[in-house]
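Next come the chains, spelled out residue by residue.
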Amino acid sequence: MNTTPFTELGLPAPLLEAIEELGYERPSAIQAMAIPVAMAGHDIIGLSQTGSGKTAAFVLPALAKIDVNRRKPQVLILCPTRELAIQVCEDVHRLGSKLPKLHAVPVYGGAPIGRQFRALEDGAQLIVGTPGRLLDHMRRGSFDPSEIKMTILDEADRMLDMGFREEMEEMLAQLPESRQTMFFSATMNRGVEGLIKRFGKNPQMLQIERKALTVESVEQRHYEVRERSKVEVLCRLLDLEDPRLAIVFCNTKKAVDECTEALLARGYPADRLHGDVTQQMRERVLQRFREGKVEVLVATDVAARGIDIEEIDIVFNYDVPQDPEDYVHRIGRTGRAGRSGRAVTFVFGRDLYRLQNIERTIRQKIPRHRVPSQEEVEDRRADVLYDAVRDRLEAGSFQGHEAHIERLLDQGHTATDIAGALFTLLREATSTKGQSIAEDNAGPGTVNGGKFDRSDSQPHRPDRNQERSNSYAGDMAKLFVNLGKTHGINAKDLVGMFYREGQVPDGTLGHIKLFPRHTIVEVPEECVEKTLRALSKAKLRGKPFMVKRDKQA
Ligand code: AMP
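Keep in mind that what you see is a predicted model, and the values were worked out from it rather than measured. (Residues numbered from 1 in each chain as written. Predicted model: local features only at pLDDT ≥ 70, side-chain atom pairs only at ≥ 80, totals over all residues. Heavy atoms only, no water.)

1. Some words on the overall build of the protein chain
How we decide: Secondary structure is summarised from DSSP: a helix means a run of H or I of at least four residues, a strand means a run of E of at least two, and numbering begins at the N terminus for each. Throughout, exposure labels follow a simple rule: accessible area from a 1.4 Å probe, protein chains only, divided by the maximum for the residue type, with under 20% read as buried, over 50% as exposed, and the rest as partly exposed. Any pair of residues with heavy atoms lying within 4.5 Å of one another is described as a contacting pair. Only the protein chains shown count as cover for residues, and the accessible areas themselves come from Shrake-Rupley with a 1.4 Å probe. Note on charges: Lys and Arg go in the positive column, Asp and Glu in the negative column, and His and the chain ends are not counted at all. A single reference atom marks each charge: NZ on Lys, CZ on Arg, CG on Asp, CD on Glu.
If you tally the helices and strands in the protein chain, you get 20 helices and 20 strands. Structurally, the protein chain occupies a C-alpha span of about 95 × 55 × 45 Å along its principal axes. Here the protein chain, with 553 residues, has 51% of them falling under the buried criterion. Sequence separation of at least 24 residues holds for 77% of the intrachain contacts in the protein chain that already meet a minimum separation of 6. Accessible surface computed for the protein chain: about 26100 Å², of which carbon and sulfur atoms make up 49%. Here the protein chain contributes 80 positively and 81 negatively charged side chains, and the mean placements of these two sets differ by 1 Å.

Dropping the structure here:
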């Protein structure tokens, strides 16, 4: 993990202020390497993937070079696509928010050229654009390159792949000799080498060493979650997974603050750790976390360093980490001391590149799972209630209310109605208010259910109650089994039995829904008869049982 703070990279105060406001806690590996070298005026070859923070690695030194009092183009950033040009320009505005006189424009093909003329005439100091359109402006004289001090080729390999070689060469040849050049590329090949040879001046090659890292004993998955749905999905997963201790990792201090506030507002025992939390406070938070008074710790990578707590059940990557190594550090906090840990990563849009990068590093796939629905969470809460009531009954600790119960019975209410009313009251009292989110309408194509699969040997391991859908496309039938939770049955037993004794073809079992006294199991319609016959004399956990077609199906 990189430990150099932003303040040691030689960046001017207004840029540090913007970084602080964005809540970036520390530079990513490529930023820590590239910024000081660029600030010293050297040319750079940065071999770096999207998602590594490479944009800020070149935008920050570029902004540091600009004289905002001169209204002439001073920095030129070349990008392969219009989308990337827009994104990079957005990052320029974010990182340059404390430079009031900064004027940066994106220039790309397919947009009206007239508006671009005006923006360029208006005295843009930084131009981000695609090679074709930029060359067009250069030829027409609307872009004057005579005062360019720095030029950046972002995704140089892709620009070459897209056939921009001639445009790039013609343009680079017209820039002042004295300029500084930064070549960023995901890969190195002959084409890129040729460009560097011709247009670079003793460039320093910067590359992040990638050790192959492994993470064992941690079950990993990812969810596709939009930024605005993250809190809701986090809460659903916390309810479903019911961890004793969980850590939620965010990439910025700002995100840590926002996430903690949202969790507290919804009644979760959460607290935060980031670089602005004082040492004294940090000790207190960690102590409370260790004791279980705080169950959800929201933290940045830096702040979580050195936390030595063994019983963390689950790690959430609320944001995908910048460096795969951070991912490994993060999820290594669970699954310690022989426990099986769980790690969840929220991914959306561009994050997918970062996830793929991580998958390459750890040489493992991190499967995508379907966001659990509110109903699944409700079912789970109902289960927890049921278990709690049963435990009380078994422990015999429910005395002291006889007078009230007698009165209700005298008023003609049955014992079942009274118990039902109490269940409802309890449920209302323990329920947190969930929200509908866009992810609830995710169509097919997503896989798996809400909870973690803990039985590696079972391709279809159901969770306690609600089960995921299978890959089988034919009609499904519902079977009724007269054993349920009160008989100590769990879904895993049923899966094993239906596949083995019930002769249901592998991978075709559908939902399994456990009720207190019975269970509904979905099997392919075409094997109902065979399965009923095969199971007619079977026993489950030593008990004979009855299985038949569900009448309500
Ligand atoms: P990039 O690889 O440049 O596309 O950046 C990926 C994402 O990381 C962008 O959304 C940036 O806003 C964010 N980012 C860049 N640098 C940092 C940092 N030092 N700390 C936290 N987030 C960052």
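Now that the structure has been shown, the text picks up again.
2. Overview of the domain arrangement of the protein chain
Definition in use: Here the limits of each domain have been adopted from an automatic or database domain assignment.
What the domain assignment reports for the protein chain is domain 1 (6-207), domain 2 (218-362), domain 3 (384-430) and domain 4 (458-549). Measuring from the centre of the C-alpha atoms in domain 1 to the corresponding centre in domain 4 gives 60 Å.

3. Some remarks on the pattern of salt bridges
Just so we agree on the cut-off: Any Lys or Arg side-chain nitrogen found within 4 Å of a carboxyl oxygen on Asp or Glu counts as a salt bridge.
Across all of its chains, the model carries 39 salt bridges by this definition. Residue Glu 241 is joined to Arg 342 by a salt bridge in which the shortest nitrogen-to-oxygen separation is 2.6 Å. Taken together, the residues Glu 241 in helix 10 (residues 230-241) and Arg 342 in strand 13 (residues 341-347) connect sequence positions 101 residues apart. Of the residues examined, Glu 241 reaches a relative accessible area of 5% and is grouped as buried. What you see here is one network of salt bridges that share partners, running through Arg 26, Asp 301, Asp 326 and Arg 330.

4. Digging into the layout of surface pockets
The cut-off we apply is this: Definitions used throughout: a 1 Å grid over protein atoms alone; a cavity as a set of points that fits a 1.4 Å probe which cannot get out; a pocket as an open set with protein on both sides within 12 Å along at least five of seven lines; a lining residue as one with an atom within 4 Å of a point. Grid points are joined across faces, edges and corners, and a volume is the space filled by probe spheres set on the points. Ten residues, namely Ala, Val, Leu, Ile, Met, Phe, Trp, Tyr, Cys and Pro, are considered nonpolar, four, namely Asp, Glu, Lys and Arg, are considered charged, and the remaining ones, Gly among them, are considered polar.
By volume, the second largest pocket is sized at about 1200 Å³. In terms of lining, the second largest pocket is formed by 33 residues, of which the most central are Leu 385, Ala 388, Val 389, Leu 422 and Leu 426. If you list the elements that add at least two residues to the lining of the second largest pocket, you get helix 10, helix 16 (374-395), helix 17 (402-410) and helix 18 (415-430). The dominant element in the lining of the second largest pocket, judged by the number of residues it contributes, is helix 16, at eight residues. Partitioning the lining of the second largest pocket into residue classes produces 20 nonpolar, six polar and seven charged.

5. Details of the site of the ligand
Which entries qualify depends on this criterion: Only heavy atoms are used to decide nearness, and a residue is near a molecule or strand if one of them lies within 4 Å of it. In the analysis that follows, any N or O atom pair within 3.5 Å is treated as a polar contact, provided that within protein one partner can donate a hydrogen and the other can accept it, and provided that, for residues neighboring in sequence, both atoms belong to side chains.
The environment of the ligand is formed by 16 residues, the closest being Tyr 24, Gly 51, Gly 53, Thr 55 and Gln 322. Within the backbone of Arg 26, a nitrogen or oxygen atom sits 2.9 Å from a nitrogen atom of the ligand. A distance of 2.7 Å separates a nitrogen atom of the ligand from a polar atom in the side chain of Gln 31. Class assignment for the residues of the shell around the ligand results in three nonpolar, nine polar and four charged. Structurally, the shell around the ligand is a two-domain feature, drawing no fewer than three residues from each of domain 1 (6-207) and domain 2 (218-362).

6. Remarks on the environment of Ala 270
Positionally, Ala 270 belongs in strand 10 (residues 270-273). Owing to a relative accessible area of 8%, Ala 270 belongs among the buried residues under this scheme. Placed 24 residues apart in sequence, Ala 270 and Ala 246 show a C-alpha to C-alpha distance of 9.4 Å. Excluding its chain neighbours within four sequence positions, the residues that come into contact with Ala 270 are Thr 260, Leu 263, Leu 264, Val 294 and Val 296.

7. Some remarks on the pairing of strand 15 (residues 476-481)
Formally: By definition, two strands form a pair when at least two bridges between them are found by DSSP.
As defined by bridge partners, strand 15 adjoins strand 17 (residues 519-524) across six bridges and the pair is classed as antiparallel. Its bridge partner lying in strand 17, Met 476 is registered against Pro 524. Pairing of strand 15 with strand 20 (residues 547-549) involves three bridges; the strand directions are antiparallel. Within strand 20, the residue paired with Phe 480 across the bridge is Lys 548.

8. Digging into the nonpolar core
The test is simple: For the purposes of this section, nonpolar cores are sets of buried Ala, Val, Leu, Ile, Met, Phe, Trp, Tyr and Cys residues that join through side-chain atoms within 4.5 Å.
Formed by 43 residues in total, the largest nonpolar core has its most connected members in Leu 60, Leu 63, Ile 77, Val 88, Val 92, Leu 126 and Ile 152. Those elements that provide at least two residues to this core are helix 1 (13-22), helix 2 (29-39), helix 3 (54-65), strand 2 (75-78), helix 4 (82-95), strand 4 (126-129), strand 5 (150-153) and strand 6 (180-185). Of all the elements, helix 3 adds the most residues to this core, at seven residues. Not counting residues up to four positions away in its chain, the partners in contact with Leu 63 are Leu 15, Val 92, Leu 95, Gly 96, Leu 99, Leu 102 and Leu 126. Residues Val 215, Ile 309, Val 320 and Ile 366 belong to the second largest nonpolar core, which totals 29 residues.

9. Some remarks on the sheet that holds strand 16 (residues 512-514)
What counts here: Note on geometry: axes are C-alpha line fits, over the in-contact stretch for helices, and angles between N-to-C directions span 0 to 180 degrees.
Pairing in this open sheet of four strands is antiparallel, and the strands run 16-17-15-20 from one edge to the other. Of all strands in the sheet, those bounded by a partner on one side alone are strand 16 and strand 20. Here the average twist between neighbouring strands, direction ignored, is 25°. As defined by bridge partners, strand 16 adjoins strand 17 across three bridges and the pair is classed as antiparallel. Residue pairing in the sheet places Ile 512 in a bridge with Val 521 of strand 17. Across the sheet, helix 19 (residues 491-500) touches strand 15, strand 16, strand 17 and strand 20, and the angle it forms with strand 16 is around 140°.

10. Looking at the sheet that holds strand 11 (residues 296-299)
In spatial order, the strands read 10-11-9-12-13-8-14; together these seven strands make up an open sheet with parallel pairing. Taken across any chain shown, the strands that pair with only one partner, and hence form the sheet edges, are strand 10 and strand 14 (368-369). With four bridges joining them, strand 10 and strand 11 adopt parallel strand pairing. Each residue of the ladder has a partner; that of Ala 270, found in strand 11, is Val 296. Sheet contacts for helix 14 (residues 324-331): strand 8 (218-224), strand 9 (246-249), strand 12 (314-317) and strand 13; angle to strand 12, the most-contacted strand, approximately 150°.

11. Things to note about the packing of aromatic side chains
Selection criterion: Stacked, edge-to-face and tilted are the three classes for Phe, Tyr and Trp ring pairs, Trp counted by its six-membered ring, which pair at centre distances within 6.5 Å; planes under 30 degrees apart are stacked, over 60 edge-to-face, the rest tilted. Note on criteria: charge over ring means Lys NZ or Arg CZ within 6 Å of the ring centre, with the direction from the centre no more than 35 degrees off the ring normal.
Per the stated rule, a full pass over the model turns up two aromatic pairs. On the basis of an interplanar angle of 55° and a centroid distance of 5.2 Å, the ring pair of Phe 58 and Phe 184 is categorised as tilted. Of the two residues, Phe 58 is situated in helix 3 and Phe 184 in strand 6; the sequence distance between them amounts to 126 residues. For Phe 58, a relative accessible area of 0% translates into the label buried. For the ring pair Tyr 318 and Phe 346, a centre distance of 6.0 Å and an interplane angle of 50° mean the geometry is tilted. Placement of the pair is Tyr 318 in the loop between strand 12 and helix 14 and Phe 346 in strand 13, with a sequence separation of 28 residues. For Tyr 318, a relative accessible area of 5% puts it in the buried group. The lysine or arginine in question, Lys 548, covers the ring of Phe 480, its NZ or CZ lying 5.3 Å from the ring centre.

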